[in-house]
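# Coordinate analysis (summary)
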Amino acid sequence: MTGARRGARRLGLWRGALALALALAGPAAAAEHGVLARAALDGAILPAADSFAQATAGLASRDCADPGLTDAYHGTFDTWMALAPYGFGPLETAQRAQQIAFWPDAKGNIDRELTRLIAARDPAVLAPATFATQSIAARGLMALERLLTAPEPLTGYRCALARAITTDLARLGAEIAADWHGAAGAALATAGAPGNTTYRSPDEATRRLLVGLNGALEQTRALRLERVLGTLDRPWGSRAEAWRSGRSLRNIAGILAATRRLHETALGPALPGEARAAMTAALAYADHSLAAALAGPPLDQAVAGPGRFKIEVLQAAIAALIAALTDQVAPALGITPGFNAADGD
Amino acid sequence: MINRRGLLRGLGLAAALAPIPGWAAAGDPAWLAAAQDGAGYSLGGIGADGRVRFTLPLPGRGHAAAAHPHRAEAVAFARRPGTWALVLDCSSGRAVASLASPLGRHFYGHGAFSGDGRWLYTTENRYDTGEGRIGIWDAAHGYTRVGDLPSGGIGPHEIRRVPGAETLVVANGGLRTHPDQGRANLNLTTMRPNLSLIDPGAGLVAQVESPPEWRQASIRHIALAPDGTVAAALQWEGEPTDPAPLMAIWRPGAAALEFPEMPTTLCLALKGYAASVAIDGGGAHAAITGPKGGVVVLCDLASARMTDTWARGDVCGIAPALGPGFVVSDGLGGLTRLIPGPGGPQAQPLADGGPAWDNHLVALTQA
């Protein structure tokens, strides 16, 4: 550990102690957490939920022959990446996050379910209420990607299936936006208020936001990159997310953009200078590493070629971003790992 | 394989979850849990309303507890690799007896009583050979050590008695450890966890191992349904990014374990670590807790399908509630009633501001 880092950590601890003292003192810290949650809701979550709802509605209105269909798919996926880090509340309900993006698909469930549906050609299955109860592997953006990138034309039952998927996505988009504009948003913004059974103390909203963001970044580091890098002898390009539509790195860009948005609207303003600067610097380095990777071949090819080093650098940059979040941002906001999360038996 | 007839014979006696008469003197707690408050460790008795009925000091960090089936007596176990267990009279707060693991052994933090409360069974590591043992103690004679049995594997962790029967179910986690090397795992490449059914009078009755692909999923904690179905919480010791199962289900008579499918992203969020498991009183739902991800995962037991997740920071202990659903405890000092339902689980806060509740919540049940 360098002296500067040790110093920053000490400062973080001190700040954590201060936050704890304020929490004990009462309203001041409670107000701080309340401001953060409100800013996250208004500045990041609601705009992301609205964009996803609009994008999915637009996607569902397009016919299979529409030349803009693929662009609309990409646009919708972009809005999903902005919303995905808020994987709690409305996205946790009925496993909606999985319904929207079933990935990774380690057992090949998407191919199996789609093949089964296409072979059966049952139009009744595609009725919205029925389709919403089908396997999550046959629904959502990843199933749509298969249909859009398959060699077969998007006609007949395949077209009807694609329309069922986009209609289902629009339903999910509308439900999620309605939830965030309704009870879920109100709960987040009033954490710790009497009768709030979702967030029982003011800092629980902050904790949930940090856990969500940390989860999205850890997914990116481990599943979107580490598993794809595999080993030098055995890189694993087919494990890349949405490689068929060539958007593996674009999804990582989406997570980084969402991280920046939450930092700029909610986390940053609540942070002391040092923690804010650490997060800003880690974000800048991750963006820089991403730009270098984007200048090379797509992720699934880069890991097996000369571009591999840039992907390793990107993975390290995201690990550093996670470290900034857990070692500096969280303690500065008075959020420390719990008794049970810290170790196990 | 499980001897189905032998197992089912006792099951008709399985009783519903209800307060135990002898525990009235200790304020009728519904659950026991180890806790940390400031620098001190304790065992807490929690009432059905979520209020703490008693707090008894412990000499070190506890893990799980075993509740005597008739008397207000609890055995608090040290956390692995601890060598002490303390028998507490929960009505007076006095220590009735103190158990020390025999030379060359340590406890794993769990134990279970026989149906009549006469015998206490403890999971132990005989660490010169790495063999798992079940220690037997006589509760009618000051908890003297009377003998031991093989546990059926390496690293026996949680032990539970089949409701209404004397058969014991042991989760042999498969991990060899030695106290000289702390909690380090010494056999990651060869580990083979299993569930063992043990008749205290006759030894091993049945056993089921994990399939080879999941042999690095340590079977650590277990819960039993009234019909003898076992749900297990797993801890993945393999590659952190592999999509490994975190729950296993074993039905009486079945030749193999079932693994409810969970999204890889969820396993990653839980860091491959399920801490506790419970089955609700009706035997319809099973749930595991993931403190490293702050998530409870609910499953439908009959179909072995995951149904929902519920987020709660540092959530760890879980036990059946007296009515429908579960009660979960967390290290932030909260207790919550969690009731599964078709529209998702309903969470009712029971208490906040308690001590940091440690790993397990132990239900006091008549069985």
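Each chain carries its own residue numbering, running from 1 in the written order of its sequence. Starting at A for chains and at 1 for ligands, labels are handed out in the order in which the entities are written. In keeping with the predicted nature of the model, local features appear solely for residues at pLDDT of at least 70, side-chain atom pairs appear and are counted solely at 80 or more, and the whole-chain, interface and lining totals rest on all residues. Side-chain numbers come from the whole structure's heavy atoms, not from hydrogens or water.

We now examine the overall build of chain B. Secondary structure elements follow DSSP: runs of H or I no shorter than four residues count as helices, runs of E no shorter than two count as strands, and numbering proceeds from the N terminus. Of regular secondary structure, chain B possesses two helices and 27 strands. Relative to the compact-globule value of 21 Å for 367 residues, chain B shows a C-alpha radius of gyration of 19 Å, a close match. Along the three orthogonal principal directions, the C-alpha set of chain B runs to about 50 × 45 × 45 Å. Here chain B holds 367 residues, and the buried ones make up 61% of them. Atoms considered for the radius of gyration are the C-alpha atoms alone. The globule rule reads 2.2 Å times the number of residues to the power 0.38. A 1.4 Å probe rolled over the protein chains alone gives each residue an accessible area, and that area as a share of the maximum for its type sets the label: buried under 20%, exposed over 50%, partly exposed in between.

Across the contact, 47 residues belong to chain B and 29 residues belong to chain A. Accessible area, probed at 1.4 Å, shrinks when two parts are joined; the buried area is that loss added up over both. In total, chain B and chain A occlude about 3000 Å² of area from one another, counting both sides; carbon and sulfur atoms represent 47% of this. Within this document, salt bridges are pairs made up of a side-chain nitrogen of Lys or Arg and a carboxyl oxygen of Asp or Glu, the two lying within 4 Å of each other. Connecting chain B to chain A are six salt bridges. Between R200 of chain A and D352 of chain B there is a salt bridge whose closest N-O contact spans 3.0 Å. We call two residues contacting when some pair of their heavy atoms lies within 4.5 Å.

Each Phe, Tyr or Trp ring, with Trp reduced to its six-membered ring, pairs with another whose centre is within 6.5 Å; inter-plane angles below 30 degrees give stacked pairs, above 60 give edge-to-face pairs, and intermediate values give tilted ones. Under the counting rule described, the total for this entry stands at seven aromatic pairs over all chains. Considering the side-chain rings of F88 of chain A and W180 of chain A, the 5.9 Å spacing of their centres and the 90 degrees angle between planes classify their relative orientation as edge-to-face. Residue F88 of chain A is found in the loop between α3 (69-83) and α4 (96-100), and its partner W180 of chain A is found in helix α8 (residues 156-181); the two are separated by 92 residues along the sequence. Here F88 of chain A and W180 of chain A have matching classes, each one buried. Seen in terms of ring centroids, F113 of chain B and Y143 of chain B are 6.4 Å apart; in terms of plane orientation they differ by 75 degrees. Their pairing is edge-to-face. Here F113 of chain B is found in strand β8 (residues 105-113), whereas its partner Y143 of chain B is found in the loop between β10 (131-138) and β11 (144-150), with 30 residues between them in sequence. The exposure class assigned to F113 of chain B is buried, which follows from its relative accessible area of 5%. Residue Y143 of chain B is classed as buried on the basis of its relative accessible area of 5%. Put simply, the rings of F77, F107 and W137 of chain B pair up and form one aromatic cluster. Between R234 of chain A and the ring centre of W236 of chain A, over which it is positioned, the NZ or CZ distance is 4.0 Å. The ring of W236 of chain A carries the charged tip of R239 of chain A above its face, separated from the ring centre by 3.5 Å. A ring is scored as having a charge over it whenever the NZ atom of a lysine or the CZ atom of an arginine sits within 6 Å of its centre and within 35 degrees of its normal.

With that settled, consider the state of the cysteines. Working definition of a disulfide: a covalent bond connecting the sulfur atoms of two cysteines. Cysteine sulfur atoms are paired as a disulfide whenever they fall within 2.5 Å. Applying the stated criterion across every chain, the model contains one disulfide over all chains. Linked covalently through their sulfurs, C64 of chain A and C159 of chain A form a disulfide whose S-S length is 2.1 Å. Disulfide C64 of chain A-C159 of chain A: the torsion about the S-S bond is 95 degrees, which places it as right-handed. In this pair, C64 of chain A is assigned in the loop between α2 (27-60) and α3 and C159 of chain A in helix α8, connecting sequence segments 95 residues apart. No difference in accessibility class separates C64 of chain A from C159 of chain A, as the two residues are buried. With no disulfide of its own, C299 of chain B lies 11 Å from the sulfur of C267 of chain B, the closest cysteine sulfur.

Here we take up helix α12 (residues 273-294) of chain A. Residue pairs three or four apart in sequence face the same way in an α-helix, which turns once every 3.6 residues. Residues and elements named next belong to chain A. The end-to-end C-alpha separation of α12 is 31 Å, in line with the 32 Å expected for 22 residues at 1.5 Å each. Looking only at α12, the buried set comprises A275, M279, A282, L283, A286, S289, L290 and A293. For α12, the angular spread of the buried residues around the axis is 130 degrees, confining them to a single face. Those residues of α12 that are buried lie in contact with α11 (248-270) and α14 (308-332). Multiplying 1.5 Å by the helix residue count minus one yields the expected span of that helix. Taken from the helix axis, the directions to the C-beta atoms give the arc we talk about.

Residue and element names in this part refer to chain A. One can describe the packing of helix α5 (residues 109-120) onto helix α7 (residues 140-149) by two numbers: an axis separation of 10 Å at closest approach and a directional angle of 65 degrees. Here α5 runs over α7; the crossing is right-handed. Contacts between α5 and α7 involve I110, D111, L114 and I118 from the former and M142, A143, R146 and L147 from the latter. Here the contact of α5 with α7 is composed, by residue class, of six nonpolar, no polar and two charged. Axes here mean lines fitted to C-alpha atoms, for a helix over just the part in contact, with angles spanning 0 to 180 degrees between N-to-C directions. Handedness of a helix crossing follows the sense of rotation of the near helix relative to the far helix, less than a right angle counterclockwise being left-handed and clockwise being right-handed. Three classes are used, and their members are as follows: Ala, Val, Leu, Ile, Met, Phe, Trp, Tyr, Cys and Pro are nonpolar, Asp, Glu, Lys and Arg are charged, and the others, Gly among them, are polar.

Backbone-to-backbone hydrogen bonds pair the strands of a sheet. The strands run either parallel or antiparallel. Residue and element names in this part refer to chain B. One open sheet accounts for four strands, arranged β23-β24-β25-β26; its pairing is antiparallel. On the outer flanks of this sheet lie β23 (315-320) and β26 (346-351), each paired with one strand and no other. Mean inter-strand twist for the sheet, computed between neighbouring axes without regard to direction, equals 25 degrees. As paired elements, β23 and strand β24 (residues 326-330) share five bridges and run antiparallel to each other. Across the sheet, the residue bridging to P320 is F326, located in β24. Only strands that DSSP links by at least two bridges are regarded as paired with each other.

All names here are of chain A. Running from N to C, helix α10 (residues 202-229) and α14 point in directions that differ by 160 degrees, and their axes come no closer than 10 Å. Considering the angle they form, α10 stands roughly antiparallel to α14. α14 is crossed by α10, and the crossing has left-handed handedness. Of the residues in the contact of α10 with α14, the class split is 14 nonpolar, four polar and five charged. In this scheme, roughly parallel covers angles under 35 degrees and roughly antiparallel covers those over 145, while 65 to 115 is roughly perpendicular and the rest are oblique.

Moving on: the environment of A127 of chain A. All names here are of chain A. Here A127 lies in the loop between α5 and α6 (128-131). On the basis of relative accessibility, which here comes to 33%, the residue A127 falls in the partly exposed class. In this structure, the C-alpha to C-alpha distance between A127 and A40, residues 87 residues apart in sequence, is 36 Å.

For the rest of this paragraph, the subject is the side chain of D280 of chain B. Residue and element names in this part refer to chain B. If you trace the backbone, D280 turns up in the loop between β19 (276-279) and β20 (285-290). The convention is simple: Lys and Arg are positive, Asp and Glu are negative, and His and the chain ends are not counted. Nearest to the buried, unbridged D280 among oppositely charged side chains is R337, at 9.2 Å. Side-chain atoms alone can form a polar contact between residues adjacent in sequence; in general such a contact is a pair of N or O atoms within 3.5 Å, and within protein one must be able to donate a hydrogen while the other accepts it. Polar contacts involving the side chain of D280 include one to the side chain of H285, which spans 2.9 Å. Each residue touching D280, except ones within four places of it in the same chain, is listed here: H285, P320, G325 and F326.

This next bit is on unusual backbone geometry. For the bond from W103 of chain A to P104 of chain A, the omega torsion is -5 degrees, close enough to zero to count as cis. Tracing the backbone through its elements, the reader meets P104 of chain A in the loop between α4 and α5. Note the cis peptide between R80 of chain B and P81 of chain B, where omega equals -5 degrees. The topology assignment puts P81 of chain B in the loop between β5 (73-78) and β6 (84-89). You will see that Q95 of chain A, though not glycine, has its phi angle at about 50 degrees, which is positive. Residue position: Q95 of chain A is located in the loop between α3 and α4. Phi angles above zero are rare outside glycine, and Y143 of chain B is one such case at about 60 degrees.

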